[in-house]
Amino acid sequence: MTLAPYATQAAATRGRRFAEPPSALRSPFQRDRDRIIHCGAFRRLRNKTQVFVEFEGDFYRTRLTHSLEVAQIARTMSRTLQLDEDLTEAVALAHDLGHTCFGHCGEDALDAVMQPYGGFDHNDQTFRVLTLLEQRYPQFGGLNLSWETLEAIVKHNGPLLPEKPGKPVPPTIAAHNRDYDLALGQYCGLEGQVAALADDIAYNTHDIDDGVRAGMLALDAIAMLPIFGPLLKQVRDRYPAIIPEILIQEVVRQAIGAMVDDVLATTRANLARLKPRNADEVRAAGEPIVTGSAELRAHLKTFRSFLMAQMYRQPEVNRFNAKGERIVTELFGYYMANPDCLPREWHKIIVAYQGDAQQTFRARLIADYIAGMTDRYAVTAYQRAFSMEKFI
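Residues numbered from 1 in each chain as written. Predicted model: local features only at pLDDT ≥ 70, side-chain atom pairs only at ≥ 80, totals over all residues. Heavy atoms only, no water.

Peer 1: Sorry if this is basic, but what is going on with the packing of helix α6 (residues 122–133) against helix α17 (residues 358–371) here?
Peer 2: Their axes nearest at 12 Å, the elements α6 and α17 cross at an angle of 100°. In terms of orientation, α6 and α17 fall into the roughly perpendicular class. Residue-level contacts link Gln125, Arg128 and Leu133 of α6 to Arg364, Asp368 and Ala371 of α17. In the contact of α6 with α17, the residues fall into two nonpolar, one polar and three charged. (Axes fitted to C-alpha atoms, helices over the stretch in contact; angles between N-to-C directions. Helix = DSSP H or I, 4+ residues; strand = E, 2+ residues; numbered from the N terminus. Parallel < 35°, antiparallel > 145°, perpendicular 65-115°, else oblique. Contact = heavy atoms within 4.5 Å. Nonpolar A, V, L, I, M, F, W, Y, C, P; charged D, E, K, R; others polar.)

Peer 1: Is there a simple way to explain the nonpolar core in this structure?
Peer 2: Generally speaking, nonpolar side chains in soluble globular proteins are found buried as a group. By size, the foremost hydrophobic cluster in this structure holds 84 residues, and its most contacted members are Ile36, Met77, Leu97, Phe228 and Met259. The greatest single-element share of this core, amounting to eleven residues, is contributed by helix α12 (residues 244–274). If sequence neighbours within four positions are ignored, isoleucine 36 has contacts with Phe42, Ala90, Leu93, Ala94, Leu97, Leu130, Leu143 and Leu145. In terms of nonpolar packing, the next biggest core, distinct from the first, is built from 29 residues, Ala109, Met114, Ile327 and Leu365 among them. (Core = buried A, V, L, I, M, F, W, Y, C linked by side-chain atoms within 4.5 Å. Buried < 20%, exposed > 50% of the residue type's maximum accessible area, 1.4 Å probe, protein only.)

Peer 1: Before we go on, may I ask you to explain the side chain of histidine 95 in this structure?
Peer 2: By secondary structure assignment, the location of histidine 95 is in the loop between α4 (85–94) and α5 (103–113). Within the structure, histidine 95 has its side chain in polar contact with the side chain of aspartate 199 (distance 3.3 Å). (Polar contact = N/O pair within 3.5 Å; in protein donor to acceptor, adjacent residues only side chain to side chain.)

Peer 1: Any chance you could explain unusual backbone geometry here in plain terms?
Peer 2: With the exception of glycine, the majority of residues adopt a negative phi angle, and the majority of peptide bonds are in the trans configuration. Between leucine 161 and the following residue, proline 162, the backbone shows a cis peptide bond with an omega angle of 0°. One non-glycine residue, glutamine 82, adopts positive backbone phi at about 60°. With respect to the helices and strands, the residue glutamine 82 is situated in the loop between α3 (63–80) and α4. With a phi angle near 55°, alanine 183 is a residue other than glycine that sits in the positive phi range. Its location among the elements puts alanine 183 in the loop between α8 (171–179) and α9 (190–213). Accessibility expressed as a relative area gives 17% for alanine 183, which makes it buried.

Peer 1: Even after reading the chapter, I still don't get the pattern of salt bridges, so can you show me in this structure?
Peer 2: One side chain can pair with another of opposite charge once the charged atoms of both are near each other. As enumerated under the stated definition, the model contains 26 salt bridges in all. Residue arginine 283 is joined to glutamate 151 by a salt bridge in which the shortest nitrogen-to-oxygen separation is 2.9 Å. Taken together, the positions of arginine 283 in helix α13 (residues 279–283) and glutamate 151 in helix α7 (residues 147–154) put the pair 132 residues apart, joining distant regions of the chain. The pair arginine 283 / glutamate 151 is uniform in exposure class, with both members buried. Among the charged side chains, a network of salt bridges with common partners joins Arg26, Arg33, Asp34, Arg75, Arg79, Glu85, Asp86 and Glu89. (Salt bridge = Lys/Arg side-chain N within 4 Å of Asp/Glu carboxyl O.)

Peer 1: Help me understand the state of the cysteines, please; the structure alone is not making it clear to me.
Peer 2: Scanning all chains against the criterion turns up zero disulfides. Lacking any disulfide linkage, cysteine 105 is separated from the closest cysteine sulfur, that of cysteine 101, by 8.1 Å. This cysteine, cysteine 188, is not joined by any disulfide, and cysteine 39 carries the nearest cysteine sulfur, 20 Å off. (Disulfide = S-S within 2.5 Å.)

Peer 1: It is not clear to me how the packing of aromatic side chains should be interpreted in this structure. Could you clarify?
Peer 2: For any pair of aromatic rings, the description consists of the separation of the ring centres together with the inter-plane angle of the planes. Counting across every chain of the model gives ten aromatic pairs. With a centroid separation of 5.9 Å and 10° between ring planes, the pair formed by phenylalanine 18 and phenylalanine 140 is classed as stacked. Of this pair, phenylalanine 18 sits in the segment before α1 (28–38) while phenylalanine 140 sits in the loop between α6 and α7, and the two are 122 residues apart along the sequence. With a centroid separation of 5.6 Å and an interplanar angle of 75°, the aromatic rings of tyrosine 335 and tyrosine 369 are classed as edge-to-face. Here tyrosine 335 is found in helix α15 (residues 315–337), whereas its partner tyrosine 369 is found in helix α17, with 34 residues between them in sequence. Pair check on accessibility: tyrosine 335 and tyrosine 369 agree, each one buried. Ring pairing ties together the aromatic residues Tyr334, Tyr335, Trp346, Tyr369, Tyr377, Tyr382 and Phe386, which thus form one cluster. (Phe/Tyr/Trp six-rings, centres within 6.5 Å; stacked < 30°, edge-to-face > 60°.)

Worth remembering: the numbers are spatial, not functional.
Printed below as a string of structure tokens:
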């Protein structure tokens, strides 16, 4: 497929921090996508919570299935806009690599215990995974992704500079940027912007789907929502005998299509207005180009408020969130007090460190270890640390 002039051009890549010979078979962005798919952090997403704890049911989405669904939506939009589909997919697949076990409650718990040591942010943790923690190559740490992939992952929600009150540039990103400028004051290319909108569309629609399947969201409540309500009526009128499981699936499918159509139409209008001639002009536009209409943006806020009130704060979810927070909090304290109980390879790093701020270094390493845990592994680690029923 011929790319549009405003797409990110693989042939014009700014390269990698550590120079590597090009591949004869794959573009730089294909290699980035493949490195992400093959890394350990990506595999662990299979057993990390999206909303419902992974082992509560086989049909609920995990971080892995969510990331795959984001990638599917993003690829569709990217291909239609004549963007680099491989770069879009790489960003979509990588965007949640830094999430902890137990979803957002795990992140909140880790951020709370890490406050004396600089806090914890899942976007910064994603960057740590990609540039430091994945150890797969003899020449460098991390995955050594292309400049364009890293900048899209870092800035998929917009520029990080100038810093805003209470929102400094996360520490790992800031340190990396001093040696390898990611243009933090600009927007990323269109591929990263597409991945960000695909994420919004995916988690709102699919969380509603999971909520209905879990019995937490009634179809009558869904009928009151914009987009979903009219679609629910249309599908029921067309298929009067449809069973609820297929009904919600059909409504979700059509809702995704409607939102994608809105984003594509709005983005085309933005492109016609701004007329970027290349990816650098996209970055310098001073505003995001891939956007939904004002109406869609309002609808997405409505969906988020609905899900927060009707599902995310329900007792069943709160109960598991409280357990997840306790596990993360107590494991952090346990390892800080007993670093020799960490796996040998992690403990060796602490022992070998001879730099300043040793407590901060220890805390960050322990945060890396806990953030990488799956739900199941965290439960097992907690039982090994605190249970007296078995010495395992």
